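A closer look at the structure
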Number of protein chains: 2
Amino acid sequence: MTAAHRRPVPLAKCYRLLNHGPTVLVSAAHNGRRNIMAAAWAMPLDFQPPKVTVVLDKSVWTRQLVEGSGTFVINVPTISQLDIVETVGSTSGLEISQEKDLDKFKAYGLRTFTGDVVDGALLEGCAAWLECRLMPEPHNQNQYDLFIGEVVAAWADERVFSDGHWHFEGHDELRTLHHVAGGHFLVIGDEVVGKVLERAED
Amino acid sequence: MTAAHRRPVPLAKCYRLLNHGPTVLVSAAHNGRRNIMAAAWAMPLDFQPPKVTVVLDKSVWTRQLVEGSGTFVINVPTISQLDIVETVGSTSGLEISQEKDLDKFKAYGLRTFTGDVVDGALLEGCAAWLECRLMPEPHNQNQYDLFIGEVVAAWADERVFSDGHWHFEGHDELRTLHHVAGGHFLVIGDEVVGKVLERAED
């Protein structure tokens, strides 16, 4: 079970779940309706209190749920979920049926769990999760489709993230995805450590 | 020579240079002074006209050059530049000398070229470059250290990016870097292609 490996991440280090630029799944729930979508345009915005920012186009249904509930989840999916990412990034919870919105979780058999803030919209099997409270910024939302959230809870799969660091070795099936375009993704690779160079003589 | 492989990227596809979440180097020049710094918090913001957003802390010298010149460059460095990235991310162009600012390019022997908009602050040897005009947003800059730029020119090394796609196979030395924390980076890996799942029966 995935839940067996899920561990809380201290908020001071939760930016590290997004720092390497993975493509994420944004999910939200409001008034008994919920949705999940793919987003390549998400990043940390601050350390303390931790904030993140994500672009949600005016056409997407998840945006309405975020605005309605004032909360959202950043799920960090793995290569094992490649087709799920492509699917929830290619289908709309509203376009398919104009009268009755599609629950993508049900439609594609996606299992969820309930977090500290958001009910039943955290996707099982991801590498990490950040639950966020929307910080309303009407100008950014209207002008740039840019949404800012304060992270209020975070978890990661301890097999690949612990003590503030990713360690994917031995768990290739849990590596993060990095979208380029049109269903083409790059998979994150291995770790390298940089060192500070000596200054040249003047 | 690196310049031999540098090719313009159509602006409609320049978001793909950042879409997979690489750590970048932000550079700027103003009134004969210039600087370069590392930034993990950068992402595309719009397709057309193409925009990007990047977080520049109030303490960094590059920020003053960006505000002064109204332009900046997003350089996408490679694993061959690992120690350069760590170095320009760990040193300040102002802290070292309070009286005379440090030219990190000179101090670390970094070669540059001149772009369409920014003089002498594009770092040779990167995988890609985006030149940007600052779109002033005082609230975002003051409240969130968030800077928005319109991309006005873009290039990439054709050995690893062409026809709108990254293709690192055979050029491991040009793979992009994705910072986690404290000098620990993940290197981007290989490509996978997602497919859309069938809906479960109701």
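Now for a description of the structure that goes with this document. These figures come from a predicted structure and were not determined experimentally.

The next subject is the sheet that holds strand β14 (residues 184-193) of chain B. Ordered by their spatial adjacency, four strands build an open sheet running β13(A)-β14(A)-β14(B)-β13(B), and the pairing between neighbours is antiparallel. Every interior strand has two partners, whereas the edge strands, β13 (177-181) of chain A together with β13 (177-181) of chain B, have only one. Taking each pair of neighbouring strands and ignoring which way they run, the sheet shows an average axis angle of 40 degrees. As defined by bridge partners, strand β14 (residues 184-193) of chain A adjoins β14 of chain B across seven bridges and the pair is classed as antiparallel. Bridging across to β14 of chain B, Val192 of chain A finds its partner in Phe185 of chain B. The strands that helix α2 (residues 82-90) of chain A touches are β13 and β14 of chain A together with β14 of chain B; relative to β14 of chain A, the one it contacts most, it runs at about 130 degrees.

Once that is clear, we can look at the interface of chain B and chain A. Contact with chain B, which involves 62 residues of that partner, is made by 62 residues of chain A. Carbon and sulfur atoms supply 64% of the area buried between chain B and chain A, which totals about 5,400 Å² over both sides. If you sort the residues of chain B by the area they bury against chain A, Trp41, Tyr144 and Leu186 of chain B come out on top, with a joint share of 14%. Our enumeration of links across chain B and chain A arrives at 29 residue pairs in polar contact (both at pLDDT 80 or more). If one sorts the elements of the side of chain B that touches chain A by residue count, β14 of chain B sits on top with ten residues. Taken together, the residues of the side of chain B that touches chain A break down into 34 nonpolar, 16 polar and twelve charged.

Pro49 of chain A follows Gln48 of chain A through a cis peptide bond whose omega is -5 degrees. Position of Pro49 of chain A among the secondary structure elements: in the loop between β4 (42-46) and β5 (51-55). Backbone geometry places Asn31 of chain A, a non-glycine residue, at a positive phi of 50 degrees. Within the secondary structure, Asn31 of chain A is located in the loop between β2 (24-30) and β3 (33-39). Classification of Asn31 of chain A as exposed rests on a relative accessible area of 68%. Positive phi, normally seen in glycine, also occurs at Asp145 of chain B, with a value near 60 degrees. Within the element layout of this structure, Asp145 of chain B appears in the loop between α4 (138-144) and β10 (146-157).

What follows is about the pairing of β5 of chain A. Here is the key point about a regular strand: its side chains alternate between the two faces of the sheet. Residues and elements named next belong to chain A. Here β5 lies mainly inside the structure; five of its five residues are buried. Because side chains alternate across β5, one face comprises the buried residues Lys51, Thr53 and Val55, and the other comprises Val52 and Val54, equally buried. Here β4 pairs with β5 via four bridges, running antiparallel. Counted as the bridge partner of Asp46 is Lys51 from β5. A loop of four residues connects β4 with β5, the two strands running antiparallel in sequence.

All right, on to the pairing of strand β6 (residues 71-76) of chain A then. All names here are of chain A. Taken across its six residues, β6 has six buried, putting it largely inside the fold. Here β6 shows two buried faces, one formed by Thr71, Val73 and Asn75 and the other by Phe72, Ile74 and Val76. Bridge count for β2 against β6 is three bridges, and the pairing is antiparallel. Directly across from Ser27, in β6, lies its bridge partner Val73. By the bridge criterion, six bridges tie β6 to strand β9 (residues 128-134) in an arrangement that is antiparallel. Each residue of the ladder has a partner; that of Val76, found in β9, is Ala128.

Turning to the pattern of salt bridges, a few remarks are in order. Residue and element names in this part refer to chain A. Applying the stated criterion across every chain yields a total of 22 salt bridges over all chains. The partner of Asp145 in a salt bridge is Arg63, with the nearest N and O atoms 2.8 Å apart. Of this pair, Asp145 sits in the loop between α4 (138-144) and β10 (146-157) while Arg63 is found in helix α1 (residues 61-69), placing the two residues 82 residues apart along the sequence. On the accessibility criterion, Asp145 (12% relative accessible area) is buried. With a closest N to O distance of 2.8 Å, Arg175 and Asp190 form a salt bridge. Placement of the pair is Arg175 in the loop between β12 (165-166) and β13 and Asp190 in strand β14, with a sequence separation of 15 residues. Salt bridges here are not isolated pairs; linked through shared partners, they connect Lys58, Arg63, Glu67 and Asp145.

The rules behind these values
- Residues numbered from 1 in each chain as written.
- Chains lettered and ligands numbered in written order.
- Predicted model: local features only at pLDDT ≥ 70, side-chain atom pairs only at ≥ 80, totals over all residues.
- Heavy atoms only, no water.
- Pairing = 2+ DSSP bridges.
- Helix = DSSP H or I, 4+ residues; strand = E, 2+ residues; numbered from the N terminus.
- Axes fitted to C-alpha atoms, helices over the stretch in contact; angles between N-to-C directions.
- Contact = heavy atoms within 4.5 Å.
- Buried area = accessible area lost by both parts, 1.4 Å probe.
- Polar contact = N/O pair within 3.5 Å; in protein donor to acceptor, adjacent residues only side chain to side chain.
- Nonpolar A, V, L, I, M, F, W, Y, C, P; charged D, E, K, R; others polar.
- Buried < 20%, exposed > 50% of the residue type's maximum accessible area, 1.4 Å probe, protein only.
- Salt bridge = Lys/Arg side-chain N within 4 Å of Asp/Glu carboxyl O.

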